[in-house]
Structure formats: C-alpha cells, structure tokens
Amino acid sequence: MLTLDYDRLDVQAGNDLLDLGCGEGRHTFEAYRRGANVVSLDLSHADLATTRTWTGAMDLAGERPAGTRTAPVVGDLRSLPLPDASFDRVIASEVLEHIEDDARAVAEIARVLKPGGLAAITVPRWLPERICWALSDEYHANEGGHVRIYRASDLASLCRDAGLEHTGTGHAHALHSVYWWLKCAVGVHRDAAVVRAYHRLLVWDIVKKPRTTRVLEQVLNPVIGKSVVLYLRKA
C-alpha cells in the first residue's frame, strides 16, 4: 500500500534514496524494484529485520535490477547518521506526526538531500485526523502516538524554512479514513464485527485492485484522503 506517487517523485534506477521511518519497508520495496539504491532507516530493529527479509526475497525472485543495493540503518530522524547531500530522493511517510521537534527532523531531511534532489513527506490529513481525535483519545494519546495534527499549508511552511520548495500536493487512502473512523467510534482496541468486515474489504481491495474501488478512491481522495503528500525540491 503506497501513499506517494513514485512517478511524481521521479524515482529512477541508480537514484540514491532514503526511506525514513521505513517501518516494515512498504515504500522501500517499490523504490528497490525500480532500481534505486535504498537506505531504509528506522528506530525499530524488528521492523528493519522484516524489511531486510523481504528485500532478500525480492533478490531471490529477481524482482530488482542487477547491481541495485539496499541497506537497513538504525537511526533517529532528528539526528541522521548520514552525510550531508548524500541522497537524490528522500521519503518520510507517516512519521513527522510522531516527532515533537518536527522542525529539526525536516532540517535533517534537507541536510541529507542533494541540491536539486526531491523529497516526499506524507502525514495524516487534517480533517480525517481531526475526526479520529474527536472520536477517540486511544487513537493518538499513547506512547509513540500522534503528537499533532497538520494542515498542509503549515507543513509546507516548515519545509520552506528548511530550504525545501513545495512543488506539489497529493492525497491518498480515502477508503482507509472510513476504517479508522469506525475503529475510533467503536473503540480502537475493540474487536468489533463491523471493523473486521471493513478490514476484509480493504485487504481485498489492496490485493485485487478492482477498477470500481480504484475510481471511487480517486474521487474521494481530494475530499477525505487519510494522508496528504507534499512533494518537495531542494534548491
């Protein structure tokens, strides 16, 4: 399940790409498949182990161009253990909302990006996120949870202050907004039948990619897309 548009980020074979807060690697895999040399960074050793397992499986299956490299790195987005101007592309998907000092994190993204390099930052969108917060404290008020709700304009301003030009905006995962509203309404940790049923629908949609739901989500994304994507360029 990809949140950003790799064509819009212009991910190409041979790019040095940094996937920040990579989790179990969902954005790493597509970049790797396209021939980028990927550094996958996260604080979780367990998530990085999963990422390493799946990229290894891609190698065995011949799903990446020859010569492409990948490396898992344990690190903190607020103080990246990486050289200045070392990446052509940077992805930071659904991570800034967890960080108190987000200005420092964005400054680090700008620091490691090469001049003229491109970045994509995604965060939960204001309206769907506000509804989740209103419905449930459990959704966000926990260790490692969301510490703020972004307006896209405020995030763009933060990036501009760090030297990143805002070149475009996208939205994604409208159908997932409904899922989280249901979870928050019945209780985030409650095993409710309606939530299980909707989750099965989402899994079916991700696997089968039927045209009907793809068109429906494209129509709804500008209205209730769960995530907002900022595309950026370093001057």
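So, here is what we can say about the structure in this document. Since the structure is predicted, the reported quantities are computational estimates derived from the model, not experimental observations.

A look at the overall build of the protein chain
Looking only at helices and strands, the protein chain features eight helices and seven strands. In summary, the protein chain has a C-alpha radius of gyration of 18 Å against a globular reference of 18 Å for 235 residues, a match within 12%. Referenced to the eigenvectors of the C-alpha coordinate spread, the extents of the protein chain come out at roughly 45 × 45 × 35 Å. In the protein chain, which comprises 235 residues, the proportion classed as buried is 49%. Residue pairs at least 24 apart in sequence account for 77% of intrachain contacts in the protein chain once pairs closer than 6 positions are excluded. Split by element, the accessible area of the protein chain, about 11300 Å² in all, is 54% carbon and sulfur.

Remarks on the sheet that holds strand S5 (residues 113-124)
If you walk across this open sheet you meet the seven strands as S3-S2-S1-S4-S5-S7-S6, and the pairing is mixed. The open sheet terminates on both sides in strands that have one partner only, identified here as strand S3 (70-74) and strand S6 (164-172). When strand polarity is set aside, the average angle formed by the axes of neighbouring strands in this sheet is 15°. Here five bridges tie strand S1 (residues 16-20) to strand S2 (residues 37-42), and the two strands are oriented parallel to one another. Along S2, the bridge assignment pairs Leu18 with Val39. Those strands touched by helix H1 (residues 26-33) are S1, S2, S3 and strand S4 (87-93), and its axis lies near 170° from that of S2.

A word on the environment of Ala162
Along the chain, the position of Ala162 falls in the loop between helix H5 (152-161) and S6. Along the backbone, Ala162 and Val228 are 66 residues apart, and their C-alpha atoms lie at a distance of 19 Å. Excluding residues that lie within four positions of it along the chain, Ala162 makes contacts with Val106, Ala107 and Ala110.

Section: the pattern of salt bridges
According to the stated counting rule, one finds 17 salt bridges in the structure shown. The salt bridge involving Asp88 is made with Lys114; its shortest N-O contact spans 3.2 Å. Of this pair, Asp88 sits in strand S4 while Lys114 is found in strand S5, placing the two residues 26 residues apart along the sequence. Members of the salt-bridge network, linked through shared partners, are Asp7, Glu30, Arg33, Arg34 and Glu63.

Section: unusual backbone geometry
Phi is positive for Asp10, close to 60°, though the residue is something other than glycine. Within the secondary structure, Asp10 sits in the segment before S1. The exposure class assigned to Asp10 is partly exposed, which follows from its relative accessible area of 32%. Positioned with a positive phi, Lys209 is a non-glycine residue whose angle comes to about 50°. Its location among the elements puts Lys209 in the loop between helix H7 (193-208) and helix H8 (211-224). What makes Lys209 exposed here is its relative accessible area of 56%.

Points about the packing of helix H6 (residues 174-186) against H7
The angle between the axes and the distance between the axes are what describe a pair of packed helices. Closest axis-to-axis distance for the H6/H7 pair is 10 Å, and the angle between their directions is 160°. What the angle tells us is that H6 and H7 run roughly antiparallel. Crossing angle aside, the handedness with which H6 passes H7 is left-handed. Mapping the contact onto sequence places Leu175, His176, Val178, Tyr179, Leu182, Lys183 and Val186 in H6 and Val194, Val195, Tyr198, His199, Leu202, Asp205 and Ile206 in H7. Per-class residue counts for the contact of H6 with H7 are 10 nonpolar, two polar and two charged.

Observations concerning the nonpolar core
Counting residues in hydrophobic clusters, the biggest one holds 31 residues, and the most contacted among them are Leu18, Leu20, Val90, Leu96, Ile109, Ile121 and Leu155. At the level of secondary structure, the elements contributing two or more residues to this core comprise S1, S2, S4, helix H3 (102-112), S5, H5 and strand S7 (227-234). Broken down by element, this core gets its largest block of residues, five residues, from H3.

What about the packing of aromatic side chains?
Tallied over the full model, the rule gives three aromatic pairs. Note on Tyr139 and Trp180: the rings are 5.7 Å apart at their centroids and 65° apart in plane angle, and the pair reads as edge-to-face. With Tyr139 in the loop between helix H4 (126-135) and H5 and Trp180 in helix H6, the pair connects residues that are 41 residues apart, well separated along the chain. Measuring from centroid to centroid gives 6.4 Å for Tyr179 and Tyr198, while their planes differ by 20°, and the two rings are stacked. Of this pair, Tyr179 sits in helix H6 while Tyr198 sits in helix H7, and the two are 19 residues apart along the sequence. The two residues Tyr179 and Tyr198 agree in class, both being buried. Sitting over the ring of Trp126, Arg151 keeps its end group 4.2 Å from the ring centre.

Calculation notes
Residues numbered from 1 in each chain as written. Predicted model: local features only at pLDDT ≥ 70, side-chain atom pairs only at ≥ 80, totals over all residues. Heavy atoms only, no water. Helix = DSSP H or I, 4+ residues; strand = E, 2+ residues; numbered from the N terminus. Rg over C-alpha atoms; globule rule 2.2 N^0.38 Å. Buried < 20%, exposed > 50% of the residue type's maximum accessible area, 1.4 Å probe, protein only. Contact = heavy atoms within 4.5 Å. Areas by Shrake-Rupley, 256 points an atom, 1.4 Å probe, with all protein chains shown as cover. Pairing = 2+ DSSP bridges. Axes fitted to C-alpha atoms, helices over the stretch in contact; angles between N-to-C directions. Salt bridge = Lys/Arg side-chain N within 4 Å of Asp/Glu carboxyl O. Parallel < 35°, antiparallel > 145°, perpendicular 65-115°, else oblique. Left-handed = near helix turned anticlockwise from the far one by under 90°. Nonpolar A, V, L, I, M, F, W, Y, C, P; charged D, E, K, R; others polar. Core = buried A, V, L, I, M, F, W, Y, C linked by side-chain atoms within 4.5 Å. Phe/Tyr/Trp six-rings, centres within 6.5 Å; stacked < 30°, edge-to-face > 60°. Lys NZ or Arg CZ within 6 Å of the ring centre and 35° of its normal.

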